[in-house]
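Analysis of the macromolecular model
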Amino acid sequence: MPKSSRIRHFRGLIGAALFATTALVPIMAHTAAVNPVTYFTDHLGYKLSVIPNASNDGFNTRLDLTLPKTDLPEGAWALYFGSVSPLDLIGDTAFDLTHINGDNYKLTPRAGVTLTPGETYSVTWAGHSPSEYLAMPNAYIVADGAPPVTIAASRTKFDPATGLEYLPFVTPITDEATTRKGPQDATQWLTPERAFVQNASREVAQAKPDIIILPTPVAAKHLDGQPLDLGKGIALKLTGLTIPDIKAALDASHLKLVASGVPVEITINDGKPESYHLLAQNGKIVITAADAAGAAYAVESLSQQAAFEHNRLKPIEISDAPRFGFRGLHIDLARNFHSKTFILNTIDQMAEYKLNRLHLHLGDDEGWRLAINGLPELTDIGSRRCHDLKEEACLLPQLGAGPQGSKIVDGYLTRADYIEIIRSANARHIEVIPSFDMPGHSRAAVRSMEARYRRLMAEGKPEAANEFRLQDPADKTVYDSIQHYNDNTLNVCIPSTYHFIETVIDDIRAMHTEAGVPLKIYHIGADETAGAWTDSPACQALVRAKGLDPAHMTPYFITQVSQMLGQKGIEPAGWSDGMGHVKPEEMPKQVQSNSWGGLFSGGVAEAYRQANRGWDIVMSTPEVLYLDMPYAPDPKERGMDWASRSTDLFKVFAFMPENLGANASLMTDIQAHGQTILDSEPLEAGRKITGMQGQLWSEGVRADSIADYMFYPRVLALAERAWHTATWEPAYVAGKSYRYGDRQVDGQALLADWQGFNDRLTPRLAELDREKVAYRLPPPGARVTGGIFEANLAYGDLKIQYRTQGGKWLTYHDAVEVKGPIETRSVAPDGQRYSRIVTVK
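Presented here is an overview of the structure given in this document. (Residues numbered from 1 in each chain as written. Predicted model: local features only at pLDDT ≥ 70, side-chain atom pairs only at ≥ 80, totals over all residues. Heavy atoms only, no water.)

**Digging into the overall build of the chain**
Looking only at helices and strands, the chain features 19 helices and 37 strands. Taking 28 Å as the expected radius of gyration for a compact globule of 841 residues, we find that the chain reaches 28 Å, a close match to that expectation. Taking as baseline every contact in the chain between residues at least 6 positions apart, the subset at least 24 positions apart corresponds to 74%. For the chain, the exposed surface amounts to about 31200 Å²; the carbon and sulfur share of it is 51%. With 82 positive and 99 negative side-chain charges, the chain shows a separation of 3 Å between the mean positions of the two kinds. (Helix = DSSP H or I, 4+ residues; strand = E, 2+ residues; numbered from the N terminus. Rg over C-alpha atoms; globule rule 2.2 N^0.38 Å. Contact = heavy atoms within 4.5 Å. Areas by Shrake-Rupley, 256 points an atom, 1.4 Å probe, with all protein chains shown as cover. Lys, Arg positive; Asp, Glu negative; His and termini not counted. Charge placed at Lys NZ, Arg CZ, Asp CG, Glu CD.)

**What to know about the pairing of strand E29 (residues 691-696)**
Of all six residues in E29, six are buried; the element is thus mostly enclosed. What you see with E29 is no split at all: Gly691, Gln693 and Gln695 on one side and Met692, Gly694 and Leu696 on the other are buried throughout. Sheet topology places strand E20 (residues 326-332) next to E29; six bridges connect them, and they run parallel. Bridge pairing in E29 links His330 to Gln695. (Buried < 20%, exposed > 50% of the residue type's maximum accessible area, 1.4 Å probe, protein only. Pairing = 2+ DSSP bridges.)

**Digging into the sheet that holds strand E15 (residues 262-268)**
On the basis of which strands lie adjacent, the open sheet formed by six strands has the order E12-E19-E16-E17-E15-E14 and mixed pairing. In this open sheet, the two edge strands, each paired with only one partner strand, are strand E12 (219-222) and strand E14 (234-239). Pairwise comparison of adjacent strand axes, ignoring direction, gives a mean angle of 10° for this sheet. Relative to strand E17 (residues 284-289), strand E16 (residues 276-281) runs antiparallel, the two being bridged by six bridges. Its bridge partner lying in E17, Gln281 is registered against Lys284. (Axes fitted to C-alpha atoms, helices over the stretch in contact; angles between N-to-C directions.)

**With respect to the packing of aromatic side chains**
Throughout the structure, instances matching the rule amount to 26 aromatic pairs. Measuring from centroid to centroid gives 6.3 Å for Tyr626 and Trp697, while their planes differ by 50°, and the two rings are tilted. Here Trp697 lies in the loop between E29 and helix H17 (704-711) and Tyr626 lies in the loop between helix H15 (622-625) and helix H16 (649-653), a separation of 71 residues in the sequence. Just as Tyr626 is buried, Trp697 falls in that class too. A ring pair is formed by Phe653 and Trp728, whose centres lie 6.1 Å apart and whose planes are at 40°; its orientation type is tilted. With Phe653 in helix H16 and Trp728 in the loop between helix H18 (714-723) and strand E30 (738-739), this pair connects stretches of sequence that are 75 residues apart. There is no split in this pair, since Phe653 and Trp728 are both buried. Among the aromatic residues, ring-to-ring pairing joins Trp575, Trp596, Tyr626, Trp642 and Trp697 into one connected group. Over the ring of Tyr631 we find Arg776; its NZ or CZ atom is 4.4 Å from the centre of that ring. (Phe/Tyr/Trp six-rings, centres within 6.5 Å; stacked < 30°, edge-to-face > 60°. Lys NZ or Arg CZ within 6 Å of the ring centre and 35° of its normal.)

**Here we look at the nonpolar core**
Ranked by internal contacts, the top residues of the largest apolar core, which has 144 residues, are Trp368, Tyr418, Phe500 and Tyr522. Ranked by residue count, the leading element in this core is helix H10 (residues 495-515), at eight residues. The contacts of Phe500, once residues within four sequence positions are left out, are Trp368, Leu375, Leu378, Met438, Ala445, Met449, Phe468 and Leu470. With 31 residues, the next largest nonpolar core counts Ile213, Leu241, Ile318 and Trp723 among its residues. (Core = buried A, V, L, I, M, F, W, Y, C linked by side-chain atoms within 4.5 Å.)

**So, the state of the cysteines**
For the structure shown, the criterion picks out two disulfides. Cys386 shares a disulfide with Cys394; S-S distance 1.8 Å. Taking the torsion about the S-S bond as the criterion, the Cys386 to Cys394 disulfide, at about -75°, is left-handed. In this pair, the class of Cys386 matches that of Cys394, namely buried. Covalent S-S linkage joins Cys493 and Cys539, the inter-sulfur distance amounting to 2.0 Å. (Disulfide = S-S within 2.5 Å.)

**A closer look at helix H5 (residues 340-352)**
Spanning 13 residues, H5 covers 19 Å between terminal C-alpha atoms, matching the ideal 18 Å at 1.5 Å per step. Of all the positions in H5, only Phe342, Ile343, Leu344, Thr346, Ile347, Gln349, Met350, Ala351 and Glu352 are classed as buried. Check the buried side of H5 and you find it contacts helix H4 (292-308), E20, strand E21 (357-364), helix H7 (415-427), H17 and helix H19 (747-770). Positive backbone phi, at 65°, marks Lys354, one or two positions downstream of H5. (Expected span 1.5 Å × (residues − 1).)

**Some details on the pattern of salt bridges**
Inspection of the entire model under this criterion finds 47 salt bridges. Put simply, Asp64 and Arg62 hold a salt bridge, and the shortest N to O gap is 2.9 Å. Looking at Asp64, the relative accessible area reads 12%, which means it is buried. Of the charged contacts, one joins Arg702 and Glu165 as a salt bridge, the two residues approaching to 2.9 Å between their closest N and O atoms. Residue Arg702 is located in the loop between E29 and H17, and its partner Glu165 is located in strand E11 (residues 165-166); the two are separated by 537 residues in the primary sequence. It is possible to trace a salt-bridge network through shared partners that takes in Asp332, Arg335, Asp364, Glu366 and Glu699. (Salt bridge = Lys/Arg side-chain N within 4 Å of Asp/Glu carboxyl O.)

What follows is the structure in structure tokens.
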């Protein structure tokens, strides 16, 4: 289920590696004596550019291939690359384009064409991407008699100043018109000048807060009395809990346990789950918590405040409890793998900001990322990508993986890894929710089980070969999935599919049992299914036998799997589009739906409709909570953009998850137009939203550092909204509608709250530096007026530097006289990293 890859509205830049074929075409002979293919790929020019179309009313994409002047490979060759959007060639070209599958494409010289060394040949297709980061890297050449070799010019590089990956083969985009997707699109680049105005409009002159805990407690105040010297350590006295209940919080804190330290009494008592009360006064600290999680959160709040006050803690009283019982993050490991270390570090950050659900997306078209007993092909093949036409050893090299795959984007969690993650999360009061998307988005599983089938058939074991097969071999249906696969959907009508699913669930359940943490929720995906069974004899027979609707077989599948889970005491979860088609009376009593419908495209009604079923509704709104969307509309900001062109920190902070329509007062749609949201299907009395989850889909996230960049600091704003209800949020009133700019949200109170959050953010950024989290540093807003340079920041009280182009970096303090274009950047608190540079003319 790729929200982040629903690119129906996006036709764009291409990119990377994909796989091979036998239809290769001749090229002029080479003169090199050694390894001509490597010489060819090392010297082949490879450049992508956005260009105006023929009628000058839109843009196309052009790939320029500049052949080496000498040493071309002998025989036939082809070039493989990737594109997450469909491609249609336009104009005359020396190449033929073939769509292999998914994002895999192939270029071959046309029959009879002789290519001349040293010449540049261009291939152009309709449409473009407004970002320099949506292209796929690692295109490669396959030539007769030689292994595939990556084109050197198509590789990624990393900027030493920012630490971020970039694509040197993409020509910088300089025409602002490229950001607009059609004549009605009012989106503008967030230039430094516009950013300066926007930043200034959100600033409020007010005293800086003296309590800096994030997320914001329900109530907190300083008291009279002498500071408590926590530098001497703390001495614990526990009632109703043990040290292991809070050990992770203590280990992550700035507090040390010392027998002679400040007395800290922690007692478990009745109260709202995860709540706590803390009183620090008269030389001691008394904490009362509803449970172990509340006690751990009290320790985390104490640690934040104590560190801010340099361990001279002023007397303080805090009363706190969460807004939602479900406060989650979702990490897509399937598209591009992320390391166990990254996951464990993310769990640490979640605990710091009181997030308590980790949704691991472990299976999709592009990869299967968890070892399952008895099904080794799932990881032997499904976790690897390489140039293998038959997919006997690996999957196709999707999403820029390259012909030999990549140690960074390939991989899987062993059983020991997963158990370690469960235990680490549980120690921090975080529940792990595994997810393998089904019945669509299942290509990795399908191809892996087909490889298993072929292996066992070759061994003369037909019964074993068919035991876990996921396709009806007689199914002649032709379909095209949302990511343009023609073979990515489980057949929902054959018993072996359900046997496979139950085997996977039972093994994951066994891992949770071994970890000492029961599996409570399993996410089945259930969205974006292509409906690949219309010509399946197995489905035709099932339809006849059970009187089913052949056009709506996905609800049948969801119901079957949900009932299977319910019988095992596991709550089924799924994405709201698929879950919305089932009959509630056929589902288990407890069901979770991740609501990812667009705010301006029916998502509000969908969320409330499913809440009225009595389900647990977790807001996963793509315009705000898909953290793979770009921070700003700028060609140098990475991220998918089908749901949002701009998801900045303020937008996440200002989201109203319990009054969804009210977001129309503050937020524009994807084309920067204000809209009205009607409450056409109101929440019934007693029904409510039960949680929030931030999603990181990984199609373009090829490194853990990029995942950090996309997550932080937006995760802190997500945690704030999931834990704390702001006073400026209007209460939900059934039937009430909102329109952009209607002032039904208290703008002054919002900005004052934002300023307080922003002030409290700076020490958290310094803490992220210490923990080596590669969060996004904001490029300055800046302008030059009458020769005077001014700069500000969207968030964080960080140092700003500036220089004339090519000059020495200077620290910005206040408006200063300058000459010529000025480059400017922000600096991390530890001075080790910088934002991307922006230029003011």
